[in-house]
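The residues making up each chain are set out below.
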Amino acid sequence: MPASTKFDAIIIGSGQAGNPLATALAAAGRKVALIEKAQFGGSCVNYGCVPTKTLLATAERLHLLRTAPEVAAPAVLGAAGLRADLAAAVARKDALLAQSRQGLEASLTGAGVALFRGHAAFTGPRTVRVAPNEAPHAPRDLTAPLVFINTGTRPAVPDVPGLADVPYLTTTQLLDLKELPEHLVILGGGYIGLEFSQMFRRFGSRVTIVEHSPQLLEREDDDVCEALKAGLAADGVEFVLGAEAHRVSRGPDGHLTLTAHTHQGERRVRGTHLLVATGRLPNTDDLGLGFAGIATDEKGFVQVNDFLQTNVRGVYALGDVHGGPQFTHISYDDYRVVRDALLHGKRRSARRRPLPYGIFTEPQVARIGLSEGQAREQQQPYRVAKMPVASIGRAQQTGECTGFWKVLVGPDDRILGAAIVGAAAAEVMAMLEIAMAGRLKYPVLQEMIFAHPTWSEALNTVFRHLKTAR
Ligand SMILES: Cc1cc2nc3c(=O)[nH]c(=O)nc-3n(C[C@H](O)[C@H](O)[C@H](O)COP(=O)(O)OP(=O)(O)OC[C@H]3O[C@@H](n4cnc5c(N)ncnc54)[C@H](O)[C@@H]3O)c2cc1C
Ligand SMILES: NC(=O)c1ccc[n+]([C@@H]2O[C@H](COP(=O)([O-])OP(=O)(O)OC[C@H]3O[C@@H](n4cnc5c(N)ncnc54)[C@H](O)[C@@H]3O)[C@@H](O)[C@H]2O)c1
């Protein structure tokens, strides 16, 4: 058995909670070990938010070139046929990622955090064995009274016959593709599938989304789903909804065929590449949780209480690995919950907190608080203000007229929730979130002075459309 090294805290996984927590604990004088089996920065930096939004920027520029005449700019010769230089776009993205990783590693080591590169697994409640990535290093046992699990998730691959026998792509692999797919078929129309669909369509690929549910984003109101679908369809993304994929095969030409039952009968979708984006699984199966007695749910997500503590004393789980909404800002807030409890003696629940989120397509979709569906489910009385983006002055000037703003207001005139589909949606949503946090009544926003001409100015006008919900 390897000799063990004692720490005050061990963090498993360099995710969006683990990194700032390591720094904060080290700054407070604790001896901290951070173990990462792949790349520092976790999913957000390496195969999540940052690479996708960096590549989406390339896709958006291509789109702007193609659509220049819409704002009376000269047509770019050959713009309609423009294709992304994917190798160059991926190199731009990789340079940014390398810079982020280097900065992160420097700040962790600068703070005095001991970094371990290797796979970590529990051998006991507060003992973790690190199997180093590189031979000939021997395994190391680390012990600490506090252990934080921040191991995130990986792509879930559905059990579709034939899928395992074809060279399908996960989101992580797609981010490194150097040649543009001729026809990308995407299994799964969730956040990831939707953002990638527009990215590759604008890069120049044909794109088809095959989604299990009869509509995209099942949890959202119908008008939100329809508006997003219409926006993507306008770009040329194709959809096969309500599709039960039951076979995948590869022809002699290397092309892949996905066969699905739909309400309209059997559909065969043939493409050159297949992306699987059907949700994510927690990285807990090889974490030795059984040796520590740490409880998980039936899908393997670590069970935690309101304060992110597991059933084992001193062991916490932060970020995507404990289930619930999978967003960088939520993982980061997990860090704040734990930091405040451990370093500042302030207990705050990780359950009762706002949940803003955005889908970074065009049109963007941004959400906060209750949807109409949720308000009805909870029998929460509400009035709703819904206004087309096309009526906003800023939209008329820029030509970005797609979508709508929808804000729900309670009987006390306070904002219950909102959905914005359209340009700058996620930025405007932040303002509604601040209004909700400050418990402002809607007339305050209606009468507030906003700089002209901004998107935010429409907060003056949206509430003129308030109607009692039926
Ligand atoms: C394609 C994509 C796009 C996304 N876009 C957005 C977005 O726009 N906005 C947003 O808010 N969220 C987005 N997300 C979600 C977001 O990336 C995650 O919610 C966020 O990064 C939270 O991660 P985390 O802190 O749980 O851990 P992660 O960042 O997932 O980090 C976990 C780390 O643990 C390591 N690890 C796992 N097991 C072990 C082990 N046994 N030993 C050592 N190390 C281990 C992993 O290698 C990984 O580095 C996106 C995700 C994906 C996949
Ligand atoms: N902009 C953002 O904030 C952003 C962007 C990307 C990812 N993320 C996070 O990453 C997480 C994972 O994203 P995701 O898109 O993989 O998961 P998801 O759960 O959002 O969507 C998966 C989709 O795949 C469908 N599906 C599942 N099995 C299927 C099958 N066999 N055939 C066809 N369709 C199937 C589901 O119905 C669902 O619509 C999200 O929960 C999100 O929190 C966030």
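Note that the structure is a prediction, hence the values are computed from the model and not measured.

Chemist: How would you sum up the domain arrangement of the protein chain? Please name residues and give values.
Modeler: Domain boundaries in the protein chain define domain 1 (4-46 + 90-154 + 281-343), domain 2 (163-278) and domain 3 (363-468). Centre-to-centre, using C-alpha coordinates, domain 1 lies 37 Å away from domain 3.

Chemist: An account of the sheet that holds strand β14 (residues 265-271) is requested, with residue identities and associated values reported.
Modeler: The three strands lie next to each other as β12-β13-β14, forming an open sheet whose pairing is antiparallel. Across the chains shown, the open sheet's two edge strands, defined by having one partner strand only, are β12 (244-250) and β14. Across the sheet, the mean angle separating the axes of adjacent strands is 20° when strand polarity is ignored. In this sheet, strand β13 (residues 256-262) lies alongside β12 in antiparallel orientation, the contact comprising six bridges. Its bridge partner lying in β13, Val-248 is registered against Leu-258.

Chemist: Residue-level account of the UniProt feature "domain: FAD/NAD(P)-binding" (unreviewed entry) in the protein chain, with values.
Modeler: Per the UniProt record, "domain: FAD/NAD(P)-binding" (unreviewed entry) is annotated on residues 8-332. Secondary structure content for residues 8-332 is 30% helix and 25% strand, and the end C-alpha separation is 21 Å.

Chemist: Describe the site of ligand 2, naming the residues involved and giving the relevant values.
Modeler: Neighbouring residues of ligand 2: 20 residues in total, closest Ile-192, Glu-195, Glu-211, Gln-326 and Gly-358. The backbone of Ile-192 places a nitrogen or oxygen atom 3.0 Å from an oxygen atom of ligand 2. Between a nitrogen atom of ligand 2 and a side-chain N or O atom of Glu-195, the distance comes to 2.9 Å. If you tally residues by element for the shell around ligand 2, the top one is helix α6 (residues 191-203), at three residues. A per-class count over the shell around ligand 2 returns eight nonpolar, nine polar and three charged.

Chemist: An account of the nonpolar core is requested, with residue identities and associated values reported.
Modeler: In this structure, Ile-10, Ile-12, Ile-35, Phe-122, Phe-148, Ile-149 and Ile-294 are the most contacted members of the largest nonpolar core, which totals 48 residues. Sort the elements by how many residues they give to this core and helix α1 (residues 18-27) lands first, with five residues. What Ile-149 contacts, discounting residues up to four positions off in sequence, is Ile-12, Phe-122, Leu-287, Leu-289, Ile-294, Val-302, Val-315, Tyr-316, Ala-317, Leu-318 and Val-321. Of all hydrophobic cores here, the second largest spans 38 residues; its members include Val-90, Leu-175, Val-237 and Leu-241.

Chemist: A description of unusual backbone geometry should follow, citing residues and the corresponding values.
Modeler: In the segment running from Glu-362 into Pro-363, the intervening peptide bond is cis, with an omega of 5°. You can see Pro-363 is positioned in the loop between β18 (357-359) and β19 (364-369). Residue Pro-453 is reached from His-452 by a cis peptide bond, and omega for that bond is -5°. The residue Pro-453 is located in the loop between α13 (442-447) and β23 (466-468) in this model.

Chemist: An account of the side chain of Thr-143 is needed here, citing residue identities and associated values.
Modeler: Checked against the element boundaries, Thr-143 lands in strand β6 (residues 140-143). Residues contacting Thr-143, with those up to four places away along its chain left out, are Ser-4, Thr-5, Lys-6, Phe-7, Ile-10, Arg-126 and Thr-127.

Chemist: Could you give an account of the site of ligand 1, with specific residues and numbers?
Modeler: Contacts to ligand 1 come from 36 residues, most closely from Glu-36, Ser-43, Lys-53, Asp-320 and Ser-331. A distance of 2.6 Å separates an oxygen atom of ligand 1 from a polar side-chain atom of Glu-36. Contacts to ligand 1 include Ser-43, whose backbone N or O atom sits 2.8 Å from an oxygen atom. Burial of ligand 1 by the surrounding chains reaches 94%, relative to a free accessible area of 1,000 Å². Elements supplying a minimum of two residues to the shell around ligand 1: β3 (32-36), α2 (42-46), α3 (49-66), β4 (114-124) and α9 (328-343). Of the residues belonging to the shell around ligand 1, the class tally is eleven nonpolar, 20 polar and five charged.

Chemist: Residues and numbers for the sheet that holds strand β17 (residues 315-317), please.
Modeler: Strand order in this open sheet of eight strands is β1-β6-β5-β4-β3-β2-β7-β17, and the pairing throughout is mixed. In this open sheet, the two edge strands, each paired with only one partner strand, are β1 (4-6) and β17. With strand direction ignored, the average angle separating the axes of adjacent strands in the sheet is 35°. Bridge count for strand β2 (residues 9-12) against β3 is four bridges, and the pairing is parallel. Note on β3: the bridge partner recorded for Ile-11 is Leu-34. Most of the contacts of α1 go to β3, to which it runs at about 160°, and overall it touches β2, β3 and β7 (146-149).

Chemist: How would you sum up the UniProt feature "domain: Pyridine nucleotide-disulphide oxidoreductase dimerisation" (unreviewed entry) in the protein chain? Please name residues and give values.
Modeler: In the numbering used here, UniProt assigns the "domain: Pyridine nucleotide-disulphide oxidoreductase dimerisation" (unreviewed entry) feature to residues 356-461. Between the end C-alpha atoms of residues 356-461 there is a gap of 22 Å, over a span that is 29% helix and 27% strand.

Chemist: An account of the environment of Val-337 is needed here, citing residue identities and associated values.
Modeler: By the secondary structure assignment, Val-337 is in helix α9. The class of Val-337 is buried, set by a relative accessible area of 1%. Residues Val-337 and Arg-347, spaced ten residues apart in sequence, show a C-alpha to C-alpha distance of 7.3 Å.

Chemist: An account of the environment of Val-407 is requested, with residue identities and associated values reported.
Modeler: Of note, Val-407 is situated in strand β21 (residues 404-409). On the accessibility criterion, Val-407 (0% relative accessible area) is buried. Taking the C-alpha atoms as reference, Val-407 lies 27 Å from Cys-49; in sequence the two are 358 residues apart. When sequence neighbours within four positions are dropped, the list of residues in contact with Val-407 reads Arg-383, Val-384, Ala-385, Ile-415, Gly-417, Ala-418, Leu-432, Val-462 and Phe-463.

Chemist: Any chance you could break down the pairing of β21 for me, citing the residues and the numbers?
Modeler: Of all six residues making up β21, six are buried, and the element is well covered by its neighbours. Where burial is concerned, the two faces of β21 agree: the one with Phe-404, Lys-406 and Leu-408 and the one with Trp-405, Val-407 and Val-409 are both buried. In this structure, strand β20 (residues 383-388) lies alongside β21, joined through six bridges in antiparallel fashion. By the bridge assignment for β21, Met-387 is matched with Trp-405.

About the thresholds
- Residues numbered from 1 in each chain as written.
- Chains lettered and ligands numbered in written order.
- Predicted model: local features only at pLDDT ≥ 70, side-chain atom pairs only at ≥ 80, totals over all residues.
- Heavy atoms only, no water.
- Domains from an automatic or database assignment.
- Pairing = 2+ DSSP bridges.
- Helix = DSSP H or I, 4+ residues; strand = E, 2+ residues; numbered from the N terminus.
- Axes fitted to C-alpha atoms, helices over the stretch in contact; angles between N-to-C directions.
- UniProt positions renumbered as here; feature names shortened; annotations may be inferred.
- Near = heavy atom within 4 Å.
- Polar contact = N/O pair within 3.5 Å; in protein donor to acceptor, adjacent residues only side chain to side chain.
- Nonpolar A, V, L, I, M, F, W, Y, C, P; charged D, E, K, R; others polar.
- Core = buried A, V, L, I, M, F, W, Y, C linked by side-chain atoms within 4.5 Å.
- Buried < 20%, exposed > 50% of the residue type's maximum accessible area, 1.4 Å probe, protein only.
- Contact = heavy atoms within 4.5 Å.
- Areas by Shrake-Rupley, 256 points an atom, 1.4 Å probe, with all protein chains shown as cover.

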